[in-house]
Amino acid sequence: MVVSVEYIPMTPIEYPDEDGKPMAESDQTREYLLYSVKVLGTYFQNRPDVYVSGNLFIYYEQGIPESVVSPDVFVIFGVENRQRRSYKTWEENEKTPDFVLEITSKSTRSKDQGAKKGIYAFLGVREYYQYDPTGDYLNPPLQGLRLVDGNYLPVVTTALADGTVSLPSEVLGLELRLKEGKMRFYDPATSQTLLSFEEQASAQQAAEQAQQAAEQAQQAAEQAQQAAEEKARRLAAKLKELNIDPDNI
């Protein structure tokens, strides 16, 4: 007897690149997300083994597309610096993020404080930072956690003389600073704040304007000096016409 077996092709497992939701819930969230990804990308641009991205699906269990997380900002050391539509750990030698920053709010706090925190600890994310730009619920608005023996412990904050709050990132070699509610990355090696392209352009324009103003002031001073010297020359000539030696006055 011949038994026929019907072949049923297996449906390939899909790992979506997006979920159709907006990148950010507010202008402030988007602003800090883009700022962080851009300045960290620029900071590590000469490191071919450092990958900086944000709002990207990270799949961490092959065959289970539900095992996914999407950090607002993340940095991974030891993988190729190239563009990706999504990140699958099994295709990246099981490398997971070393640093994560969530731009958090009241609407996302349950995930940021609960599920995501647990997933990041499970994945071995060495540093997990949260920043609440609106100050709606997180107090202080900028907080950091460092993974120690599988558990997250708070990163010690430092208050500077000008009121700036500073949190060091051992992973990045940078500081996350909060001044007047505004978060920026700071490089202690150069004593410089990492500026966005727009901030760099604005700072350059301000420097050029200051230089132009200084040049104009110097030119005005030189013209005033020349005018004074010319006035003194004419006065001396007039005195000589009157048979008066100007050096004796």
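Fair warning: this is a prediction, and the values are worked out from it, not measured in the lab.

**Student:** Help me out: how do you make sense of the overall build of the protein in this one?
**Tutor:** Looking only at helices and strands, one finds 3 helices and 14 strands in the protein. For the protein, the exposed surface amounts to about 15700 Å²; the carbon and sulfur share of it is 50%.

**Student:** Is there a simple way to explain the nonpolar core in this structure?
**Tutor:** Proteins that are soluble and globular tend to have nonpolar side chains buried together. If you look at the biggest cluster of nonpolar residues, it comprises 26 residues, and the most contacted ones within it are Leu 40, Val 75, Phe 99, Leu 101, Leu 172, Met 183 and Phe 185. Listed by contribution, the elements that provide at least two residues to this core are α1 (27–43), β1 (50–53), β4 (73–77), β6 (99–103), β7 (127–131), β12 (174–179) and β13 (182–187). Take this core: its biggest share by element is 4 residues, from α1. Beyond its immediate chain neighbours, meaning those up to four positions away, Leu 101 contacts Ser 36, Asp 72, Val 73, Tyr 129, Gln 130, Tyr 131, Leu 176, Met 183 and Phe 185. Grouped together as the second largest cluster of nonpolar side chains are 17 residues, Leu 56, Val 100, Ile 119 and Leu 123 included.

**Student:** Explain the packing of aromatic side chains to me, please; I cannot follow it from the model alone.
**Tutor:** Geometry of an aromatic ring pair is reported as the spacing of the ring centres plus the angle between the planes. Tallying each qualifying case throughout the model produces 14 aromatic pairs. Ring geometry for Tyr 15 versus Tyr 59: centroids 5.1 Å apart, planes at 75 degrees, classification edge-to-face. Pair noted here: Tyr 15 is in the segment before α1 and Tyr 59 is in strand β2 (residues 58–59), with a separation of 44 residues, a long-range link. The exposure class assigned to Tyr 59 is buried, which follows from its relative accessible area of 1%. Of the aromatic side chains, those joined through ring pairs into one cluster are Tyr 15, Phe 57, Tyr 59 and Trp 90. Above the face of the Tyr 186 ring, Arg 177 is positioned so that its terminal group lies 3.5 Å from the ring centre. Its end group placed over the ring of Tyr 35, Arg 184 keeps NZ or CZ at 4.0 Å from the ring centre.

**Student:** What is the right way to look at the pattern of salt bridges in this model?
**Tutor:** Here the idea is simple: oppositely charged side chains can pair when their charged atoms come close. Enumeration according to the criterion identifies 12 salt bridges in this entry. Residues Asp 49 and Arg 47 are paired through a salt bridge, measuring 2.9 Å at the closest nitrogen-oxygen approach. Look at Asp 49 and you get partly exposed, because its relative accessible area is 31%. Judged by relative accessible area, which is 35%, Arg 47 ranks as partly exposed. The network of salt bridges with common partners includes Glu 80, Arg 82, Arg 84 and Glu 92.

**Student:** Honestly, α1 in this entry has me stumped. Any pointers?
**Tutor:** Residue pairs three or four apart in sequence face the same way in an α-helix, which turns once every 3.6 residues. End to end, α1 covers 24 Å across 17 residues, agreeing with the expected 24 Å (1.5 Å per residue, within 8%). Within α1, burial applies to Thr 29, Tyr 32, Leu 33, Tyr 35, Ser 36, Val 39 and Leu 40. Within α1, the buried residues cover an arc of 165 degrees as seen down the axis, which keeps them to one side.

**Student:** Where do I start with the pairing of β12 in this structure?
**Tutor:** Residues in a regular strand project their side chains so that they alternate between the two faces of the sheet. With 5 of 6 residues buried, β12 is to be regarded as a mostly interior element. Pairing geometry for strand β11 (residues 165–169) and β12, over 5 bridges, is antiparallel. Its bridge partner lying in β12, Val 165 is registered against Leu 178. In textbook terms, the turn of a hairpin is the stretch between consecutive antiparallel strands, and for β11 and β12 this stretch comprises 4 residues, one of which, Gly 173, has a positive phi near 75 degrees. In terms of strand pairing, β12 meets β13 through 5 bridges, oriented antiparallel. Across the sheet, the residue bridging to Leu 176 is Phe 185, located in β13. The loop that links β12 with its antiparallel partner β13 comprises 2 residues; one of these, Glu 180, has a positive phi angle of about 55 degrees.

**Student:** Where do I start with the side chain of Asp 72 in this structure?
**Tutor:** With respect to the element layout, Asp 72 can be found in the loop between β3 (68–69) and β4. Within the buried core, Asp 72 has no salt-bridge partner, and the shortest N-O distance to an opposite charge, that of Lys 116, equals 5.0 Å. When sequence neighbours within four positions are dropped, the list of residues in contact with Asp 72 reads Leu 33, Val 37, Ser 53, Gly 54, Asn 55, Leu 101, Glu 102 and Ile 103.

**Student:** Would you take a moment to explain the layout of surface pockets for this structure?
**Tutor:** With a probe scaled to a water molecule rolled over the atoms, the places where space remains empty come into view. Counted as a void, the second largest pocket has a volume near 280 Å³. Contributions of two or more residues to the lining of the second largest pocket are made by α1 and β1. The biggest single contributor to the lining of the second largest pocket is β1, with 4 residues. For the lining of the second largest pocket, a count of residues per class yields 6 nonpolar, 4 polar and 2 charged.

Basis of the calculations
Residues numbered from 1 in each chain as written. Predicted model: local features only at pLDDT ≥ 70, side-chain atom pairs only at ≥ 80, totals over all residues. Heavy atoms only, no water. Helix = DSSP H or I, 4+ residues; strand = E, 2+ residues; numbered from the N terminus. Areas by Shrake-Rupley, 256 points an atom, 1.4 Å probe, with all protein chains shown as cover. Core = buried A, V, L, I, M, F, W, Y, C linked by side-chain atoms within 4.5 Å. Buried < 20%, exposed > 50% of the residue type's maximum accessible area, 1.4 Å probe, protein only. Contact = heavy atoms within 4.5 Å. Phe/Tyr/Trp six-rings, centres within 6.5 Å; stacked < 30°, edge-to-face > 60°. Lys NZ or Arg CZ within 6 Å of the ring centre and 35° of its normal. Salt bridge = Lys/Arg side-chain N within 4 Å of Asp/Glu carboxyl O. Expected span 1.5 Å × (residues − 1). Arc of directions from axis to C-beta. Pairing = 2+ DSSP bridges. Lys, Arg positive; Asp, Glu negative; His and termini not counted. 1 Å grid on protein atoms, 1.4 Å probe; cavity = no way out; pocket = protein on both sides within 12 Å on 5 of 7 lines; lining within 4 Å. Points joined across faces, edges and corners; volume = space filled by probe spheres on them. Nonpolar A, V, L, I, M, F, W, Y, C, P; charged D, E, K, R; others polar.

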